[in-house]
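If you want the building blocks of each chain, they are given just below.
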Amino acid sequence: MKRSSGNPVSSRPALLGAVVMLALTSASVAAADDGRGPLEVTVTASADARTARVGALFGADGAGRPEHGHFCTASVVHSPGRDLLVTAAHCVTHAGGKLFFAPGYRDGRAPHGMWPVRGWVVPEGWTADRDEDSDVAFAHVAEVDGRRVEDVVGANRFTSGTAAGATAVTLVGQPDAREAPVMCTDRPVARGRTQQRVHCPGFTAGTSGSPWVNGAGQVVGVLGGHEQGGSTADVSYSVVLGSRAAALYRMAIGS
């Protein structure tokens, strides 16, 4: 399970002590048609406008302040309220209490602030029986200093109905054992009708909830689903975002 080893959720393999710079294999030398860089190679993500939309989730201490140490990943998606995150359902339900989101988090700093989560929307299929095909959730964050998070860092667009593997996708995630996000591009492969997977080495504990973004800036997957994201650091899963995900998004935005 691609979750945290030391915070509100339990562990997924944590392997990254240094930047993962893998030698290119025959499977990875092809350029990604809709992503950034070669396929199946994981690197430290650069600090730019696109990665600023992705960040780490933090729990709260007894005084209601952000705890030291982060767990799971979330990202900003466009909404009328300009306050919406998408992540994995297992991240918010295992965490329980108050949460904070730090977009663009790296090197122990939250350059765009710490945004309190004020509520979330989780599928009934997940809350009822931990259905792996329901492992997607949305969260609303409060304003900070009168600003809304999307106005500060921008947003990708949550998009349902895209076939697995239609385009390459780029994953950005925040391992809990690192203080910088990692990034990898791959073309998803279908796992049945309801799940999809990518081969991206080094996506360890803390990367659950990472967005799968295509070249058009659309979130077409969220790291989670089968085995709550995967039982190894090299293969990651997502729910195929279909009609149920679309309905959950409409619920989240109140339409």
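Cut-off values and rules
- Residues numbered from 1 in each chain as written.
- Predicted model: local features only at pLDDT ≥ 70, side-chain atom pairs only at ≥ 80, totals over all residues.
- Heavy atoms only, no water.
- Pairing = 2+ DSSP bridges.
- Helix = DSSP H or I, 4+ residues; strand = E, 2+ residues; numbered from the N terminus.
- Buried < 20%, exposed > 50% of the residue type's maximum accessible area, 1.4 Å probe, protein only.
- Arc of directions from axis to C-beta.
- Core = buried A, V, L, I, M, F, W, Y, C linked by side-chain atoms within 4.5 Å.
- Contact = heavy atoms within 4.5 Å.
- 1 Å grid on protein atoms, 1.4 Å probe; cavity = no way out; pocket = protein on both sides within 12 Å on 5 of 7 lines; lining within 4 Å.
- Points joined across faces, edges and corners; volume = space filled by probe spheres on them.
- Nonpolar A, V, L, I, M, F, W, Y, C, P; charged D, E, K, R; others polar.
- Disulfide = S-S within 2.5 Å.
- Axes fitted to C-alpha atoms, helices over the stretch in contact; angles between N-to-C directions.
- Salt bridge = Lys/Arg side-chain N within 4 Å of Asp/Glu carboxyl O.

Undergrad: Hey, could you run me through the sheet that holds strand E13 (residues 211–213) in this one?
TA: Hydrogen bonds along the backbone pair up the strands of a sheet, which may run parallel or antiparallel. Here six strands make up an open sheet; going across it, the order is E1-E10-E9-E13-E14-E8 and the pairing mixed. Strands at the two margins of the open sheet, each flanked by one partner only, are strand E1 (42–44) and strand E8 (157–158). Pairing analysis gives two bridges linking strand E9 (residues 169–173) to E13, with the strands arranged antiparallel. Looking at E13, one finds that Thr170 is bridged to Val213.

Undergrad: Where do I start with helix H4 (residues 243–253) in this structure?
TA: An α-helix turns once per 3.6 residues; consequently, residues spaced three or four apart project the same way. Those residues of H4 lying buried are Ala245, Ala246, Leu248, Tyr249 and Ala252. The buried residues of H4 occupy an angular sector of 160° when the element is viewed end-on, so they sit on one face. Facing away from the buried side of H4 by more than 90 degrees, the exposed set consists of Ser243, Arg244 and Met251. Following H4 by one or two positions, Gly254 has its phi on the positive side, about 75°.

Undergrad: Is there a simple way to think about the nonpolar core in this case?
TA: If you look at the biggest cluster of nonpolar residues, it comprises 24 residues, and the most contacted ones within it are Leu57, Val76, Leu85, Phe101, Val141 and Val149. When residues of this core are traced back to their parent elements, those giving at least two are strand E3 (71–77), helix H1 (89–95), strand E5 (99–103), strand E6 (115–121), strand E7 (137–141) and helix H3 (149–153). Here the element with the most residues in this core is E3; it accounts for four residues. When sequence neighbours within four positions are dropped, the list of residues in contact with Leu57 reads His70, Phe71, Cys72, Thr73, Ala74, Thr87, Cys91, Phe100 and Phe101. Val77, Val86, Val213 and Val239 belong to the second-largest nonpolar core, a separate cluster that totals 16 residues.

Undergrad: Explanation requested: the layout of surface pockets in the structure shown.
TA: Where empty space is left becomes clear once a probe the size of a water molecule has been rolled over the atoms. Approximately 310 Å³ is the volume attributed to the largest pocket. Forming the walls of the largest pocket are 16 residues, and the residues nearest its centre are Asp133, Ser134, Ser243, Arg244 and Ala245. Per-element accounting of the lining of the largest pocket gives the leading share, six residues, to H4. Grouping the amino acids of the lining of the largest pocket by side-chain chemistry returns eight nonpolar, five polar and three charged.

Undergrad: How should I be thinking about the state of the cysteines in this particular structure?
TA: Formally, a disulfide is one covalent bond, and it connects the sulfur atom of one cysteine to the sulfur atom of another. Counted under the stated rule, the structure contains two disulfides. With its sulfur 2.1 Å from that of its partner, Cys72 forms a disulfide with Cys91. Negative torsions about the S-S bond denote left-handed disulfides, and the value of about -80° found for Cys72 with Cys91 makes this one left-handed. One end of the pair, Cys72, is in strand E3; the other, Cys91, is in helix H1, and 19 residues separate them in sequence. Disulfide pairing is shown between Cys184 and Cys200; the S-S distance is 2.2 Å. The sign of the S-S torsion, about -80°, decides the handedness of the disulfide formed by Cys184 and Cys200: left-handed. Of this pair, Cys184 sits in strand E10 (residues 182–186) while Cys200 is found in the loop between strand E12 (195–199) and E13, placing the two residues 16 residues apart along the sequence. Taking the relative accessible area as the measure of exposure, Cys184 reaches 1% and is therefore buried. Sequence-ordered numbering of the bonded cysteines in the protein chain yields a pairing of 1-2, 3-4.

Undergrad: For this particular structure, what's the right way to read the sheet that holds E12?
TA: Strand order in this open sheet of three strands is E11-E12-E15, and the pairing throughout is antiparallel. Each having just a single partner strand, strand E11 (189–191) and strand E15 (235–239) make up the two edges of the open sheet. When the angles between neighbouring strand axes are averaged without regard to direction, this sheet yields 35°. Pairing of E12 with E15, which is carried by five bridges, proceeds in the antiparallel orientation. Among the inter-strand pairings, Val198 is bridged to a residue of E15, identified as Ser236.

Undergrad: I would appreciate a short explanation of the pattern of salt bridges in the present structure.
TA: Close approach of charged atoms lets side chains of opposite charge pair. Applying the stated criterion across every chain yields a total of six salt bridges. Note that Asp151 and Arg148 form a salt bridge whose closest N and O atoms lie 3.2 Å from each other. One salt-bridge network, held together by shared partners, links Arg82, Arg148, Glu150 and Asp151.

Undergrad: What is the right way to look at the environment of Glu143 in this model?
TA: Within the element layout of this structure, Glu143 appears in the loop between E7 and H3. The contact partners of Glu143, leaving out residues within four places of it in the chain, are Trp115 and Arg148.

Undergrad: Help me understand the side chain of His226, please; the structure alone is not making it clear to me.
TA: Secondary-structure assignment places His226 in the loop between strand E14 (218–222) and E15. Accessibility expressed as a relative area gives 13% for His226, which makes it buried. When residues no more than four places from it in sequence are discounted, the contact partners of His226 are Glu132, Arg191, Gln195 and Tyr237.

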